[in-house]
Amino acid sequence: MSQERIESMMDEKRHFAPPADSRGRAHVSGEAAREALVRRAAEDPEGFWGERAAQLIDWFKPWDTVLDADMNEPRIEWFKGGRLNVAHNCLDRHVAGNRRNKAAIIWQGEPEEDVRVLTYQMLYDEVRRFAAVLRKMGVHKGDRVSLYMPMIPELAVAMLACARIGAVHSIVFAGFSAVSLQNRIHDCEAKVVVTADAVLRAGRRIPLKVNVDEAVRQCPSVEKVVVVNRGSLEVTMEEGRDLWWHEVMADRTLDVDRPCEEMDAEDMLFILYTSGSTGKPKGVVHTTGGYLTYAAHTTQWVFDVQDDDVYWCTADIGWITGHSYIVYGPLALGATSLMFEGVPSWPSPDRFWRIVEKFRVNIFYTAPTVVRALMREGTDWTERHDLSSLRVLGSVGEPINPEAWMWYHTHIGKGRLPIVDTWWQTETGGIMISGLPYATTLKPGSATQPLPGVDAAIVRPDGSPAGPNEGGHLVIRKPWPGMLRGIFGSPERYRSTYFERFPGMYESGDGARTDTDGYFWIMGRLDDVINVSGHRMGTAEVESALVAHPSVAEAAVVGMPHAVKGEAIYAYVTLGADAEETEELRAELRAWVRKEIGPIATPDVLQFAEGLPKTRSGKIMRRILRKIAAGATSEFGDTSTLADPGVVSDLIEGRLQLT
Ligand code: PRX
């Protein structure tokens, strides 16, 4: 994020007191109650988390110890000895209790008329069936299943079916390319892939199954591919490997009555790949007891979910937000979760508000990039819908600038609704820093304070605590139940990425500062990870895709500030001797990245460069490239280590604007 933007956020003086809990049923009501919880959790963390785990989750067998951990090693074990099943907690117990006929998922498809409501009973039946399908295919406890699917109810069914039999799901966002999918399937050695023929998006049908065909060719671990018919697109089905979802689900010989697998609290629940500072995405591992407790706990407190609410998180399930806050958190609580297949802008920019009005949504959780995009469309679109059902608004994925916060508050919240700005990561499993809607005074642009039980701090490069208004590294000093337990297949990378630099602490990779009230202001990533429309992207991933092209000799990719996306992708490319700098090649390289990684990684700007600014030891000086991309060409700081200062003026001359 640009320095100006950070400073304007630091100058932000507006305060918004929490609304009164007039119905008297908020989960955490009033600032004093929140403070008491913070104190209680700090004094007795194990007592606090043990209590929440017992309140929120059904255990087949209670745990022996709440926490057994050492963040230096790292070794993290929550609720050791405890046994449970995630699908049982999300379904079976609600069906056996009094929520059998309650809507678990309200699904709004891309076409307005495509609506499905799955009650807890209906979802439970589907999940038991698909669990039996997987078992019949030979999927056992611990086996991996890759899910590469659109936002359709079958995705939630497949996740819960994996959880039911103890298989580990690895969801790959359907916007990723065949190559990205292949890398992810390959890394976790998935036995089965579940997909669909097509994705419906903005009125178009985008083929999906073809990517699986391409990916699986190089993945010997894959035995079966299950295909949902979403778009009635013609696909090739490979004999013996590919099966239609509707056909396998109709199998009359399925053993649907098998009880769910009793899992250990620390058994793996899922792997989710995310970007880091190298070219290879990391398979973040989450386990059963701690993750579920944390997802349910944060959903309940941060959104104040009540039994009669319609709760809507607009994320895609392909990202962690969808895992924790569309599926696991809400369903563990027995809430009603709305799931939407489409995009905010199609067929018109009031699609979201139409849905809020149609289903009387009470809690609405989205990303700043969406707010900024809709803000540009003007308030005519918000005015034409009745948004009075809304009670709590949320934001996630990137810093929300005060201007977008105020628009969200004024035009969607009608000047009265609290906005919870939730800071967290794929690795944290759930929300870490956020206001509580009925208990926190809000400041636009600040994620406010760590949740009770979360020991977040800002430290200097030497690990000592930073003072108020002093920028530094955002770290977490005590374990929390939702934290990642590993990087699949890479214990050393897990240790060195998160636990090495600041001994005994978890390093988030974000920069932040606290103000004199102890409020946290997130400044963005300190590593080579950028945040494009709330999507996390490693610059090294884009670079390795570019250099894989035969015409490219070298590439450097940085983020640049962007009014709607937060950050855009700026690529500097040096060509090989035989290649020519043409517009055709520029277009070809952008298309190449799109194909290698997926549309979200397409460089917004691609500048051909004769050379890149390097130190005498050959290290690319990204700091300078970031400045040039941002147009801040007069403040380079120390450039005395540059091997060839002439490179910089050439780059400035050739700088391209966003079109
Ligand atoms: O830089 C932070 C930013 O998103 C990163 C995590 O991305 P990912 O793992 O994809 O998870 C996104 C959804 C939780 C963080 O390192 N980030 C996330 N939420 C916020 C944020 N930055 C500022 N404010 C937030 N509320």
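Being a predicted model, the structure only gives us computed values, none of them experimental.

So, how was this worked out
Residues numbered from 1 in each chain as written. Predicted model: local features only at pLDDT ≥ 70, side-chain atom pairs only at ≥ 80, totals over all residues. Heavy atoms only, no water. Pairing = 2+ DSSP bridges. Helix = DSSP H or I, 4+ residues; strand = E, 2+ residues; numbered from the N terminus. Domains from an automatic or database assignment. Buried area = accessible area lost by both parts, 1.4 Å probe. Salt bridge = Lys/Arg side-chain N within 4 Å of Asp/Glu carboxyl O. Polar contact = N/O pair within 3.5 Å; in protein donor to acceptor, adjacent residues only side chain to side chain. Nonpolar A, V, L, I, M, F, W, Y, C, P; charged D, E, K, R; others polar. Buried < 20%, exposed > 50% of the residue type's maximum accessible area, 1.4 Å probe, protein only. Contact = heavy atoms within 4.5 Å. Axes fitted to C-alpha atoms, helices over the stretch in contact; angles between N-to-C directions. pLDDT = per-residue confidence, 0-100.

A.B. asks: In this structure, what is going on with the sheet that holds strand E23 (residues 486-487)? I would like to understand it.
C.D. replies: The pairing of strands in a sheet happens through backbone hydrogen bonds and is either parallel or antiparallel. Spatial ordering of the open sheet is given by E12-E11-E8-E6-E7-E14-E15-E23, a layout of eight strands whose pairing is mixed. The sheet terminates laterally at strand E12 (242-244) and E23, the two strands that pair on one side only. Here strand E15 (residues 282-287) pairs with E23 via two bridges, running antiparallel. Across the sheet, residue Val 284 finds its bridge partner in E23, namely Ile 487.

A.B. asks: What should I look at first to understand the domain arrangement of the chain in this one?
C.D. replies: When the parts come together, some accessible area is lost, and that loss is often what is quoted as the size of the interface. Here the domain parsing of the chain yields domain 1 (23-450 + 458-513) and domain 2 (533-654). A separation of 33 Å is found between the C-alpha centroids of domain 1 and domain 2. Roughly 1,600 Å² is buried in total at the junction of domain 1 and domain 2, and carbon and sulfur atoms are behind 48% of that figure. A salt bridge links Lys 595 to Glu 214; the nearest nitrogen and oxygen atoms lie 3.4 Å apart. At the junction of domain 1 and domain 2, the tally comes to 14 residue pairs in polar contact (both at pLDDT 80 or more). Those elements that place two or more of their residues in the side of domain 1 that touches domain 2 are helix H7 (178-188) and helix H13 (368-376). Broken down by element, the residue count for the side of domain 1 that touches domain 2 peaks at four residues, all from H13. Tallied by class, residues from the side of domain 1 that touches domain 2 come to six nonpolar, 13 polar and six charged.

A.B. asks: For this particular structure, what's the right way to read the environment of Arg 354?
C.D. replies: Within the fold, Arg 354 resides in helix H12 (residues 351-359). By relative accessible area, which is 33% here, Arg 354 ends up partly exposed. Setting aside residues up to four positions removed in sequence, Arg 354 forms contacts with Glu 112, Ser 348 and His 385.

A.B. asks: Looking at this model, I keep getting lost on the sheet that holds strand E24 (residues 506-514). Mind explaining?
C.D. replies: Strand order in the open sheet made by the four strands is E21-E22-E24-E25, with antiparallel pairing throughout. Looking along the sheet, the strands with just one partner apiece sit at the ends: strand E21 (456-459) and strand E25 (520-525). Sheet twist, expressed as the average angle between the axes of neighbouring strands with direction ignored, equals 45 degrees. Direction of pairing for E21 relative to strand E22 (residues 472-476): antiparallel, over a ladder of four bridges. Paired with Ala 457 across the strands is Val 475, a residue of E22.

A.B. asks: What am I meant to see in the confidence of the model for the chain here?
C.D. replies: Detailed reading of the predicted coordinates is not advisable wherever pLDDT falls low. Residues of the chain with pLDDT of at least 70 account for 98%, and the chain-wide mean is 95. Across the interfaces of the predicted complex, the ipTM metric reaches 0.99, alongside a pTM of 0.96.

A.B. asks: Can you help me understand the pattern of salt bridges in this one?
C.D. replies: A side chain of one charge can pair with a side chain of the opposite charge if their charged atoms are brought near each other. The final tally for this structure, using the stated rule, is 53 salt bridges. Between Lys 61 and Asp 64 there is a salt bridge, with its nearest N and O atoms 3.6 Å apart. Judged by relative accessible area, which is 60%, Asp 64 ranks as exposed. A salt bridge links Glu 189 to Arg 144, with the shortest nitrogen-to-oxygen separation between them at 3.9 Å. In this pair, Glu 189 sits in the loop between H7 and strand E8 (192-196) while Arg 144 sits in strand E6 (residues 144-148), placing the two residues 45 residues apart along the sequence. The network of salt bridges with shared partners includes Asp 68, Glu 73, Arg 75, Glu 77 and Lys 80.

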